[in-house]
Amino acid sequence: MSGGKATNTDLKNADASITYDAIIVGCGVIGPCVATGLARKGKKVLIVEREWSMPDRIVGELMQPGGVRALRSLGMVQSINDIEAIPVTGYTVFYNGEKVAIPYPYKADIAPVEKVPKLVRDGNDKVTEDKTIHVKDFEEDERERGVGFVHGKFLQNLRAIVAEEPNVTRLQGNVVEILKNGHNEVVGAKVDIDGRGKVEFKAHITFVCDGIFSKFRKELSTDHVPTVGSSFVGMSLFHAKMPSPNHGHVILGTEHMPILVYQISPEETRILCAYNSPKLPSDVKAWMTKKVQPYIPESLRPSFDEALAQGKFRSMPNSYLPGRQNNVIGMCVIGDALNMRHPLTGGGMTVGLNDVVLLMKKIGDLDFSDREVVLDELLDYHYERKSYDSVINVLSIALYSLFAADSKDLKVLQKGCFKYFKRGGDCVKLPVSFLSGVMPRPFLLTRVFFAVAFYAVYVNFQERGMAGFPVALIEAFSILFTAARVFTPYLYTEMIG
Ligand SMILES: Cc1cc2nc3c(=O)[nH]c(=O)nc-3n(C[C@H](O)[C@H](O)[C@H](O)COP(=O)(O)OP(=O)(O)OC[C@H]3O[C@@H](n4cnc5c(N)ncnc54)[C@H](O)[C@@H]3O)c2cc1C
């Protein structure tokens, strides 16, 4: 792919004298997908990114099957090709030394991928053959697949796809202001361009896709602000011997916070270690040595120990931000700027990409100069997206509470959850369908979550035995109350908000 072909001058020449159909702020994961989709629908699009060179980040490196399916719907799935991406066929969960494999769902059990008209063409909904992605495995496997990759390389592929669209103008610059008219309606964006200064660009609609640290999400409402409860500390492991190749690894235990491990290239494996506070420990290396290293599976230890000795730690805050209705004429906030969840379940890109698919279906064929009609569809869009985003968001928060268990009840729920997975059958099939972003059914998620909670209570009764029955009975109420506390408020916020 030809990502960075344009010269610096090409990237600074955008015409400011015309009115674009759409301006896209940000060319991260979501921006290029919105821009490509709209361009293929015949819209004239300006996409503004402050830094077109390849970013180096520890986010967005494992895409769930629901994200891959959305890329297919958009005709952009070849963005996972030619970057030495690693196919992911499921998860392995470790708990105090035991483990359970959780394969991704069967394709036959879920709806077929929808092809968005005008976006899917010439086989661009199918992967091509490369060094690590094999068409036969990916297209003909009876189960869904996800994929691990180096985030920056994936982004450059998305950017290469958008660069091929004749209806798209790319611009390098820092958006400094969302422009409004006297009625508080958005009319475009002001961009600070190196060598040109601050230039105003006009559009019928402006898409805000400026990501996790979004400056412009507040244009929806000043209280649209994320909360941060924990962090991830990451390292790169090189030539790691994976305990379960082609799997995401979730390492749980009663003595430590959850640890995620997944391969992102033939050489590199990402490890993300949760720390239950937004503020990192004062001595990260000492914390890693004491609270992470002892719990790393044996085959990973040599690469882990080497990375620890080198001490190249990188951290990210884990933010939560429920979505909000886009109710401002001329603007649509999308991606992390709109909605964030805990990255434990790797659902961010899947939510954002499914949002793009829905958006294309709802407004892709409208005349954007009819701004009231576009707004009406955006108001509806907020409710339609709830079916999938609420499942992924609530699951991420609830699982993090269980997996980072910092109370007696949560530890019982954590153990119950692991034992529930060990039962196999529907006890694996349904949870992994939610996790992989292919089961948009929030009320079924609620049923399954409480089934896990009741199972945890049952396991606790078993472990207490006859003599401990009275204690287990009292604990049962407390455990169920705790389960409701970590689940229900989030479900309520997601469904009602
Ligand atoms: C620790 C961590 C791990 C994660 N791991 C996963 C994972 O494994 N799987 C997954 O699906 N999700 C994961 N996520 C979430 C995922 O990274 C996001 O959901 C995704 O990147 C959101 O895409 P976006 O386009 O909204 O934002 P981004 O990808 O952040 O893109 C925003 C873009 O906007 C540009 N920009 C910002 N401001 C301006 C401006 N003023 N002017 C011009 N350009 C601007 C930026 O340069 C950037 O290119 C993780 C998140 C975290 C925090």
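What you see is a predicted model, and the numbers here were worked out from it, not measured in a lab. (Residues numbered from 1 in each chain as written. Predicted model: local features only at pLDDT ≥ 70, side-chain atom pairs only at ≥ 80, totals over all residues. Heavy atoms only, no water.)

**Some thoughts on the environment of Ala451**
Link 1 in the chain: With respect to the secondary-structure elements, Ala451 resides in helix H12 (residues 442–464).
Link 2 in the chain: Among the residues examined, Ala451 registers a relative accessible area of 31% and is labelled partly exposed. (Helix = DSSP H or I, 4+ residues; strand = E, 2+ residues; numbered from the N terminus. Buried < 20%, exposed > 50% of the residue type's maximum accessible area, 1.4 Å probe, protein only.)

**Examining the environment of Pro297**
Link 1 in the chain: Looking at where Pro297 falls in the secondary structure, it is placed in the loop between helix H5 (284–291) and helix H6 (301–310).
Link 2 in the chain: Taking the C-alpha atoms as reference points, Pro297 and Gly497, separated by 200 residues in sequence, lie 41 Å from one another.
Link 3 in the chain: With residues up to four places along the chain from it excluded, the contact list for Pro297 reads Phe94, Pro243 and Ile251. (Contact = heavy atoms within 4.5 Å.)

**Comments concerning the domain arrangement of the protein**
Interface extent is often summarised as the accessible area lost during association of the parts.
Link 1 in the chain: Segmenting the protein into domains produces domain 1 (233–318) and domain 2 (389–496).
Link 2 in the chain: Of note, the centres of domain 1 and domain 2, computed from C-alpha atoms alone, are 25 Å apart.
Link 3 in the chain: Between domain 1 and domain 2, the buried area comes to about 660 Å², and carbon and sulfur atoms account for 59% of it.
Link 4 in the chain: Broken down residue by residue, the surface that domain 1 buries against domain 2 is led by Leu252, Thr254 and Asn276, which jointly contribute 56%.
Link 5 in the chain: The interface formed by domain 1 and domain 2 contains 0 salt bridges.
Link 6 in the chain: Our enumeration of links across domain 1 and domain 2 arrives at 2 residue pairs in polar contact (both at pLDDT 80 or more).
Link 7 in the chain: For the side of domain 1 that touches domain 2, the secondary-structure elements that each account for two or more residues are strand S13 (247–253), strand S14 (256–263) and strand S15 (268–275).
Link 8 in the chain: Looking at the side of domain 1 that touches domain 2 residue by residue, the classes come out as 6 nonpolar, 4 polar and no charged. (Domains from an automatic or database assignment. Buried area = accessible area lost by both parts, 1.4 Å probe. Salt bridge = Lys/Arg side-chain N within 4 Å of Asp/Glu carboxyl O. Polar contact = N/O pair within 3.5 Å; in protein donor to acceptor, adjacent residues only side chain to side chain. Nonpolar A, V, L, I, M, F, W, Y, C, P; charged D, E, K, R; others polar.)

**Here's the deal with the site of the ligand**
Link 1 in the chain: In the vicinity of the ligand lie 33 residues, with Glu49, Arg57, Leu62, Asp336 and Met349 positioned nearest.
Link 2 in the chain: Within the contact set of the ligand, an oxygen atom lies 3.1 Å away from a backbone nitrogen or oxygen of Val29.
Link 3 in the chain: Note that a nitrogen atom of the ligand is positioned 3.0 Å from one of the backbone N or O atoms of Val175.
Link 4 in the chain: Taken by itself the ligand offers 1,000 Å² of open surface, and the protein chains cover 93% of this.
Link 5 in the chain: Those elements giving two or more residues to the shell around the ligand turn out to be strand S2 (45–49), strand S9 (174–180), strand S16 (314–320) and helix H7 (348–363).
Link 6 in the chain: The residue makeup of the shell around the ligand, split by class, is 16 nonpolar, 10 polar and 7 charged. (Near = heavy atom within 4 Å. Areas by Shrake-Rupley, 256 points an atom, 1.4 Å probe, with all protein chains shown as cover.)

**Points about the pattern of salt bridges**
Link 1 in the chain: Taken as a whole, this structure holds 34 salt bridges when the rule is applied.
Link 2 in the chain: Ionic pairing is found between Glu165 and Arg40, a salt bridge with its closest N-O pair at 2.9 Å. Of this pair, Glu165 sits in the loop between helix H4 (151–163) and strand S8 (168–172) while Arg40 sits in helix H1 (residues 30–40), and the two are 125 residues apart along the sequence.
Link 3 in the chain: Overall, the relative accessible area of 11% leaves Arg40 in the buried class.
Link 4 in the chain: For Arg145, the salt bridge goes to Asp141, with nearest N and O atoms at 2.8 Å.
Link 5 in the chain: A cluster of three or more residues bridged by salt bridges with shared partners is formed by Lys362, Glu377, Asp380 and Glu384.

**Describing a positive patch on the surface**
Link 1 in the chain: On the surface, Arg50, Lys198, Lys215 and Lys218 cluster together into a patch of positive charge.
Link 2 in the chain: Here Arg50 lies in the loop between S2 and strand S3 (62–63).
Link 3 in the chain: With a relative accessible area of 58%, Arg50 lands in the exposed category. (Patch = residues over 30% accessible without salt bridge, like charges linked within 9 Å, V, L, I, M, F, W, Y side chains within 5 Å. Lys, Arg positive; Asp, Glu negative; His and termini not counted. Charge placed at Lys NZ, Arg CZ, Asp CG, Glu CD.)

**Details of the packing of H12 against helix H13 (residues 469–496)**
Link 1 in the chain: Running from N to C, H12 and H13 cross one another at 165°; their axes reach a closest spacing of 9 Å. Classified by the angle their axes make, H12 and H13 are roughly antiparallel. Where H12 crosses over H13, the handedness of that crossing is right-handed.
Link 2 in the chain: A class-by-class count of the residues in the contact of H12 with H13 yields 22 nonpolar, 3 polar and 2 charged. (Axes fitted to C-alpha atoms, helices over the stretch in contact; angles between N-to-C directions. Parallel < 35°, antiparallel > 145°, perpendicular 65-115°, else oblique. Left-handed = near helix turned anticlockwise from the far one by under 90°.)

**Looking at a nonpolar patch on the surface**
Link 1 in the chain: Taken together, the side chains of Phe469, Leu473 and Phe477 make up a nonpolar region of the molecular surface, amounting to roughly 330 Å² of accessible area.
Link 2 in the chain: Residue placement: Phe477 occurs in helix H13.
Link 3 in the chain: Overall, Phe477 belongs to the exposed group, its relative accessible area being 61%.

**Notes on the environment of Ile24**
Link 1 in the chain: With respect to the element layout, Ile24 can be found in strand S1 (residues 19–25).
Link 2 in the chain: The class for Ile24 is buried, based on a relative accessible area of 0%.
Link 3 in the chain: Residues contacting Ile24, with those up to four places away along its chain left out, are Gly31, Val34, Ala35, Leu38, Val45, Leu46, Ile47, Val48, Phe207 and Cys209.

**Looking at the packing of helix H9 (residues 386–403) against H13**
Link 1 in the chain: Where H9 meets H13, the closest approach of the two axes is 9 Å, and the angle between their N-to-C directions is 160°. On the basis of the axis angle, H9 is roughly antiparallel to H13. For the element pair H9 and H13, the recorded crossing hand is right-handed. Here Lys386, Asp389, Ser390, Asn393, Val394, Ile397, Ala398, Ser401 and Leu402 of H9 come into contact with H13, specifically with Val486, Phe487, Tyr490, Leu491, Glu494, Met495 and Ile496.
Link 2 in the chain: In terms of residue class, the contact of H9 with H13 is built from 10 nonpolar, 3 polar and 3 charged.

**Looking at the UniProt feature "domain: Squalene epoxidase" (unreviewed entry) in the protein**
Link 1 in the chain: Mapped onto this numbering, the UniProt entry annotates "domain: Squalene epoxidase" (unreviewed entry) at residues 202–473.
Link 2 in the chain: Helix makes up 44% of residues 202–473 and strand 19%, with an end-to-end C-alpha separation of 65 Å. (UniProt positions renumbered as here; feature names shortened; annotations may be inferred.)

**Some details on the sheet that holds strand S7 (residues 146–148)**
In a beta sheet, neighbouring strands pair by backbone hydrogen bonds and run either parallel or antiparallel.
Link 1 in the chain: Spatially, 3 strands are ordered S3-S7-S4 in an open sheet, and the strand pairing comes out antiparallel. With one partner strand each, in any of the chains shown, S3 and strand S4 (86–88) form the two edges of the open sheet.
Link 2 in the chain: Taken together, the 2 bridges between S3 and S7 define a ladder with antiparallel strand orientation. Within S7, the position partnered with Met63 by the bridge is Val147. (Pairing = 2+ DSSP bridges.)

**Here's the deal with unusual backbone geometry**
Across the chain, the bulk of peptide bonds are trans and the bulk of non-glycine residues have phi less than zero.
Link 1 in the chain: The residue Asp122 is not glycine, and still its phi comes out positive at about 50°.
Link 2 in the chain: Inspection of the secondary structure puts Asp122 in the loop between strand S6 (98–103) and helix H3 (135–140).
Link 3 in the chain: Within the chain, Asn184 stands out as a residue other than glycine whose phi angle is a positive 65°.

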